[in-house]
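What follows is the residue order along each chain.
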Amino acid sequence: GENVEQHPSTLSVQEGDSAVIKCTYSDSASNYFPWYKQELGKRPQLIIDIRSNVGEKKDQRIAVTLNKTAKHFSLHITETQPEDSAVYFCAARTSGGYNKLIFGAGTRLAVHP
Amino acid sequence: GAGVSQSPSNKVTEKGKDVELRCDPISGHTALYWYRQRLGQGLEFLIYFQGNSAPDKSGLPSDRFSAERTGESVSTLTIQRTQQEDSAVYLCASRQEGRSGANVLTFGAGSRLTVL
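We now turn to the structure provided with this report. (Residues numbered from 1 in each chain as written. Chains lettered and ligands numbered in written order. Predicted model: local features only at pLDDT ≥ 70, side-chain atom pairs only at ≥ 80, totals over all residues. Heavy atoms only, no water.)

All names here are of chain A. Reading across from one edge, β1-β3-β8-β7-β6 is the order of the 5 strands in this open sheet, with antiparallel pairing throughout. Strand pairing shows two members of the sheet lacking a second neighbour, β1 (4-7) and β6 (56-59), which therefore form its edges. Between one strand axis and the next, the sheet turns through 15° on average, direction left out of account. The pairing of strand β3 (residues 19-25) with strand β8 (residues 72-77) spans 6 bridges and is antiparallel. The residue of β8 that forms the bridge with alanine 19 is isoleucine 77. (Pairing = 2+ DSSP bridges. Helix = DSSP H or I, 4+ residues; strand = E, 2+ residues; numbered from the N terminus. Axes fitted to C-alpha atoms, helices over the stretch in contact; angles between N-to-C directions.)

Below, the discussion takes up the sheet that holds strand β7 (residues 75-79) of chain B. All names here are of chain B. Taken in spatial order, the 4 strands line up as β1-β3-β7-β6 in an open sheet, and their pairing is antiparallel. In this open sheet, the two strands that pair with only one neighbour each are β1 (5-7) and β6 (65-69). The average angle at which neighbouring strand axes cross in this sheet is 15°, direction not considered.

So, on to the layout of surface pockets. Here the largest pocket defines a volume of roughly 680 Å³. Where the lining of the largest pocket is concerned, the elements lending two or more residues are β9 (86-93) and β11 (107-112) of chain A together with β8 (88-95) and β10 (111-115) of chain B. Here the lining of the largest pocket takes 4 residues from β10(B), the largest share from any one element. Classifying every residue of the lining of the largest pocket by side-chain character gives 11 nonpolar, 16 polar and 6 charged. Approximately 280 Å³ is the volume attributed to the second largest pocket. Forming the walls of the second largest pocket are 17 residues, and the residues nearest its centre are A:Asn3, A:Val4, A:Ile102, A:Phe103 and B:Leu43. (1 Å grid on protein atoms, 1.4 Å probe; cavity = no way out; pocket = protein on both sides within 12 Å on 5 of 7 lines; lining within 4 Å. Points joined across faces, edges and corners; volume = space filled by probe spheres on them. Nonpolar A, V, L, I, M, F, W, Y, C, P; charged D, E, K, R; others polar.)

This part covers the pairing of strand β4 (residues 31-37) of chain B. All names here are of chain B. Burial runs high along β4: 7 of the 7 residues are buried. Judged by which residues are buried, β4 turns out to be covered on both faces: Ala31, Tyr33, Tyr35 and Gln37 on one side and Leu32, Trp34 and Arg36 on the other are all buried. Relative to strand β5 (residues 44-50), β4 is paired through 6 bridges, and the arrangement is antiparallel. Paired with tyrosine 35 across the two strands is phenylalanine 45, which belongs to β5. Between β4 and β5, which pair antiparallel and follow one another directly, the connecting turn spans 6 residues, one of which, glycine 40, has a positive phi of 70°. (Buried < 20%, exposed > 50% of the residue type's maximum accessible area, 1.4 Å probe, protein only.)

This brings us to the interface of chain A and chain B. Tallying the contact residues gives 18 residues for chain A and 23 residues for chain B. Taken together, the two surfaces of chain A and chain B that pack against each other cover about 1,700 Å², and 54% of this comes from carbon and sulfur. Where chain A meets chain B, there are 1 salt bridge. Among the ionic pairs, A:Lys100 bridges to B:Asp56, the shortest N-O distance being 3.5 Å. (Contact = heavy atoms within 4.5 Å. Buried area = accessible area lost by both parts, 1.4 Å probe. Salt bridge = Lys/Arg side-chain N within 4 Å of Asp/Glu carboxyl O.)

Attention shifts here to the packing of aromatic side chains. For the coordinates displayed, the defined rule picks out 13 aromatic pairs over all chains. Both rings, one in A:Tyr25 and one in A:Phe73, keep their centres 6.0 Å apart while their planes meet at 55°; by these two values the pair is tilted. Placement of A:Tyr25 in strand β3 and of A:Phe73 in strand β8 is noted, with a sequence separation of 48 residues between them. Owing to a relative accessible area of 0%, A:Phe73 belongs among the buried residues under this scheme. Pairing A:Phe103 with B:Phe107 gives two aromatic rings, centres 6.2 Å apart and planes at 65°, and the pair type is edge-to-face. A residue pair is termed interchain when its members come from two chains, as with A:Phe103 in strand β10 (residues 101-103) and B:Phe107 in strand β9 (residues 106-107). The rings of A:Tyr36, A:Phe89, A:Phe103, B:Tyr33, B:Tyr35, B:Phe45, B:Tyr48 and B:Phe107 are connected pair by pair, giving a single aromatic cluster. (Phe/Tyr/Trp six-rings, centres within 6.5 Å; stacked < 30°, edge-to-face > 60°.)

Time to look at the environment of A:His7. Residues and elements named next belong to chain A. Structurally, histidine 7 can be placed in strand β1. The sequence separation of histidine 7 and alanine 105 amounts to 98 residues, and the corresponding C-alpha distance is 8.5 Å. Other than its neighbours up to four places away in sequence, histidine 7 contacts Ile21, Lys22 and Thr107.

Attention now moves to the pairing of β11(A). Residue and element names in this part refer to chain A. Residues Thr107, Leu109 and Val111 of β11 are buried on one face, while the alternating residues Arg108, Ala110 and His112, pointing to the opposite face, are not. Bridge count between strand β2 (residues 10-14) and β11: 5 bridges; the pairing is parallel. Within β11, the residue paired with leucine 11 across the bridge is leucine 109. Bridge count for β9 against β11 is 3 bridges, and the pairing is antiparallel. In the sheet register, alanine 86 faces β11, and the bridge partner there is leucine 109.

Next up, the structure:
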């Protein structure tokens, strides 16, 4: 089945710096890759996603890149702010009859003022 | 309702007891997922329901775990003979099919289970 690896597990940056989180997936047929943000004590919420027919997508300070050949995708946050501090999860959706979404283990991002 | 509702929000039980967790998805959402999140850990896939198709149970960790869903309505996750390692937050999420934004999972607030 699908397996998603996420790195790093923790990331600490200074306010204003960039943060990059990387994920790899195992199922080459996966076609959808979302990123969820989970603030402390709250539920995960989608922040950005990308389909397999696109190489890059950007939304203000957040961007995601996808390399299908290497089976990896990355989240880029620029000009980080303290409110970006949270746990970020990448995920990959398997193809075929079952559209289950498999998540990475998460990255705890701390942005220091 | 406006969002995914889960109950109970907190459950403390003794080892060996059975527990039942409930999820009310967003009306019209055909897909429903259960995930387990242990303290400080990631989202572990448990089971996925899609309409009237047979559910994908590949993530259930043991035969003590089961889940049901009737049509596109409420789902219940049952854990029999609970063990301490079952302690976690159980998150339910639903997703709409066939429309723009259909890929987005909307999560409930979770049910925090503590097994003593």
